[in-house]
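What follows is each chain in one-letter form.
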Amino acid sequence: MSTDAEGRTGPLVWQSHPGKPATTHLAGPEDIDEACRHLTARHPDIVDALHEHGALCLRGLPVRSVDDFAKVRDVLIPSSTPYREKATPRSDYGGGVYSSTDLPPSQPIALHNENSYTLRFPGLLLFGCLVAPEDGGATPVADCRKVLDSLPPRLVAKVRSVGWQLKRSYSDLVSTDWRTAFSAESAKDVERYCDDNLIAYEWQPDGNLRTSQLRPGVIRHPTTGAEVWFNHLAFWNEWSLDDELREALLDEFGADGLPFNSAFGDGEPLTREDLRAVQAAYETATVRQPWEAGDLLLVDNILTAHGRDPFRGERKIVVAMGNPVDIDDCRPSTRPAATSA
C-alpha cells in the first residue's frame, strides 16, 4: 500500500499468482491503530476485491495478539455472527474471537462453507495468524463459482431440484453432545431452537438426540447475484470417512446413528462416485498460501469454501465470523425444511 507526499493512501495492489489466493502486502503501518486507519480508508476497495476474488490474503500488518486481531476485525467485519449448531471444538478467546479449530494437527479438514446448514450464517470470515506452523497448516480456499462450474451437470441438476439433507446424532461418546451443539441447558431449549429453525428432532431412549434438516445446495450471492455451490453434502457424507472408521461406526451405532451423514434432499444416498466428483471439483478450484505471522485471510463465506491442511509444530490461527446472511436473501434453489428424523 503506497502513500503519496501528502500522506494519502494509494490503491491496494492485488497479486494473483497461480495456486494462491489474491494477496496484497500492506507495508507501512507500525502499530495496529495505524493499520486500522489504513484499512478503514481502503475498506470499499477491499469489498470490491473480495466480490471479485472470493478470498483475500492481507500480509504485513502488525497483528500480534488476539486484541490486535479483534481491532482489525472490527474494521473488516463490524457485525458479528454467533457460532450456531456447533460441530467441531473451538477455544473461545472472548469478544467473538475463536480458535479456527482444536482438532488434532494430523487431521485435515475438508473444504466447506461455514454453517451452510443453518438458516442464518456468516457472510464473512476473518482468519488471522498469530503463530505460523513449522510445516503445513495452510487454510486452503476454493471459489464456489468455479466448483459449481466443474461439477457434473447431473449432480448439479439433482441438488438444484431437491437440495441436500443432513442427519446428525448427538452423544457423549462420539461427535458433539446436544448441550454443546445447541448451547442449551434443557431439552426444551433444544426443541424450541429446532422448531424455530426448521429442524426435525427425535429423542432416543438413552437421552441422546437425532436431528434432520433439508437445505438448498445451490444459492446466489445476495450482492453479486453469482450462483454458487453452498453445502456440506460431501463434507459430512459417510463415504468421506476413512473406510475402517466408517465400518466401526456402522457396527457400533448403525446407519441411523452415525454422528453425521448427508444425502440428496429426496433421501437418495450419495455414491462413492458422487463424492469423488464433488471432491474433484473442490480440488480444481483450491488455492492456498502458507501462513506467516500477522497474515489475515478475509473470506466471503458464500463465494468461497475453506478447509485446513495437516501441520507440524505450534499453530495459532484465530477466526471471527460476521456479516450475517439469511438464506431467504440468497434465492435458494430449494426451500429449507425440517425432515423426518
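A brief report on the enclosed structure follows. (Residues numbered from 1 in each chain as written. Predicted model: local features only at pLDDT ≥ 70, side-chain atom pairs only at ≥ 80, totals over all residues. Heavy atoms only, no water.)

1. As for the overall build of the protein
Thought 1: Counting secondary structure elements, the protein contains nine helices and 20 strands.
Thought 2: Dimensions of the protein, computed from the C-alpha atoms along their principal axes, are close to 70 × 40 × 35 Å.
Thought 3: Counting over 341 residues, the protein shows a buried share of 55%.
Thought 4: Taking contacts inside the protein between residues at least 6 apart in sequence as the whole, the part at least 24 apart equals 81%.
Thought 5: For the protein, the distance from the average position of its 35 positive side-chain charges to the average position of its 51 negative side-chain charges is 3 Å. (Helix = DSSP H or I, 4+ residues; strand = E, 2+ residues; numbered from the N terminus. Buried < 20%, exposed > 50% of the residue type's maximum accessible area, 1.4 Å probe, protein only. Contact = heavy atoms within 4.5 Å. Lys, Arg positive; Asp, Glu negative; His and termini not counted. Charge placed at Lys NZ, Arg CZ, Asp CG, Glu CD.)

2. Some details on the packing of aromatic side chains
Thought 1: Enumeration over the complete set of coordinates arrives at seven aromatic pairs.
Thought 2: Taking 5.2 Å as the distance between ring centres and 80° as the angle between the ring planes, the aromatic pair formed by W178 and W203 counts as edge-to-face. With a gap of 25 residues between them, W178 in helix α6 (residues 178-182) and W203 in strand β10 (residues 200-203) connect regions that are remote in the sequence.
Thought 3: With relative accessibility at 7%, the residue W178 sits in the buried group.
Thought 4: When the centroid spacing of 4.4 Å and the interplanar angle of 5° are considered together, the rings of W236 and F260 count as stacked. Of this pair, W236 sits in the loop between β13 (227-229) and α8 (243-253) while F260 is found in strand β14 (residues 260-264), placing the two residues 24 residues apart along the sequence. (Phe/Tyr/Trp six-rings, centres within 6.5 Å; stacked < 30°, edge-to-face > 60°.)

3. Remarks on the pairing of β10
Thought 1: Here β10 pairs with strand β11 (residues 209-215) via four bridges, running antiparallel. Bridging across to β11, Y201 finds its partner in T211.
Thought 2: Turn length for the β10-β11 hairpin, with the two strands adjacent in sequence and antiparallel, is five residues, and the turn residue G207 shows positive phi of about 90°. (Pairing = 2+ DSSP bridges.)

4. A look at the environment of H51
Thought 1: Considering the arrangement of structural elements, one finds H51 in helix α2 (residues 43-53).
Thought 2: Ignoring anything within four residues of it in the chain, the contact list for H51 reads R145, H221, T223, T224, D300 and L303.

5. Here we look at empty space enclosed by the protein
Thought 1: In this structure the tally under the stated criterion is two cavities of 30 Å³ or more.
Thought 2: In this structure, the largest cavity occupies an estimated 260 Å³ of space.
Thought 3: Those elements that place two or more of their residues in the lining of the largest cavity are β5 (109-112), β6 (120-131), β17 (304-308) and β19 (316-326).
Thought 4: For the lining of the largest cavity, the element with the highest residue contribution is β17, accounting for three residues. (1 Å grid on protein atoms, 1.4 Å probe; cavity = no way out; pocket = protein on both sides within 12 Å on 5 of 7 lines; lining within 4 Å. Points joined across faces, edges and corners; volume = space filled by probe spheres on them.)

6. Overview of the nonpolar core
Thought 1: One finds F121, F127, V147, I219, W229, Y282 and I302 to be the most contacted residues of the largest nonpolar core, which totals 57 residues.
Thought 2: In this structure, L61, F69, L124 and L130 belong to the second largest nonpolar core, which totals 30 residues. (Core = buried A, V, L, I, M, F, W, Y, C linked by side-chain atoms within 4.5 Å.)

7. Thoughts on the side chain of H221
Thought 1: With respect to the secondary-structure elements, H221 resides in the loop between β12 (218-220) and β13.
Thought 2: H221 gets classed as buried once you look at its relative accessible area, which sits at 5%.

8. Examining the side chain of T23
Thought 1: Relative to the helices and strands, T23 is located in strand β1 (residues 22-25).
Thought 2: Judged by its relative accessible area of 4%, T23 is buried.
Thought 3: Of note is the side chain of T23, whose polar atom sits 2.9 Å from the backbone oxygen of P21.
Thought 4: At 3.1 Å, the side chain of T23 and the side chain of Q289 are in polar contact. (Polar contact = N/O pair within 3.5 Å; in protein donor to acceptor, adjacent residues only side chain to side chain.)

9. Observations concerning the pattern of salt bridges
Thought 1: Enumeration according to the criterion identifies 22 salt bridges in this entry.
Thought 2: The closest approach of N and O atoms between E247 and R246, which form a salt bridge, is 2.9 Å.
Thought 3: On the basis of relative accessible area, R246 is assigned to the buried category, the value being 9%.
Thought 4: The network of salt bridges with common partners includes R59, E292 and D295. (Salt bridge = Lys/Arg side-chain N within 4 Å of Asp/Glu carboxyl O.)

10. Side note on the sheet that holds strand β4 (residues 97-99)
Thought 1: Spatially, seven strands are ordered β1-β2-β16-β6-β19-β4-β3 in an open sheet, and the strand pairing comes out mixed. Strands at the two margins of the open sheet, each flanked by one partner only, are β1 and β3 (92-94). Taking each pair of neighbouring strands and ignoring which way they run, the sheet shows an average axis angle of 25°.
Thought 2: Strand contacts of α2: β1, β2 (55-59), β6 and β16 (296-300), with the helix running at about 130° to β2, the strand carrying the most contacts. (Axes fitted to C-alpha atoms, helices over the stretch in contact; angles between N-to-C directions.)

11. A short note on the layout of surface pockets
Left-over empty space is what a probe sized like a water molecule reveals as it rolls over the atoms.
Thought 1: Within this model, the largest pocket holds a volume of roughly 1200 Å³.
Thought 2: Considering the residues around the largest pocket, the lining is formed by 46 residues, among which L103, Q107, P108, F235 and W236 are closest to the centre.
Thought 3: For the lining of the largest pocket, the elements supplying multiple residues, two or more each, are β5, α8 and α9 (272-285).
Thought 4: With six residues, the top contributor of residues to the lining of the largest pocket is α9.
Thought 5: Looking at side-chain class alone, the lining of the largest pocket contains 24 nonpolar, eleven polar and eleven charged residues. (Nonpolar A, V, L, I, M, F, W, Y, C, P; charged D, E, K, R; others polar.)

Geometric descriptors of this kind do not, in isolation, establish any biological role.
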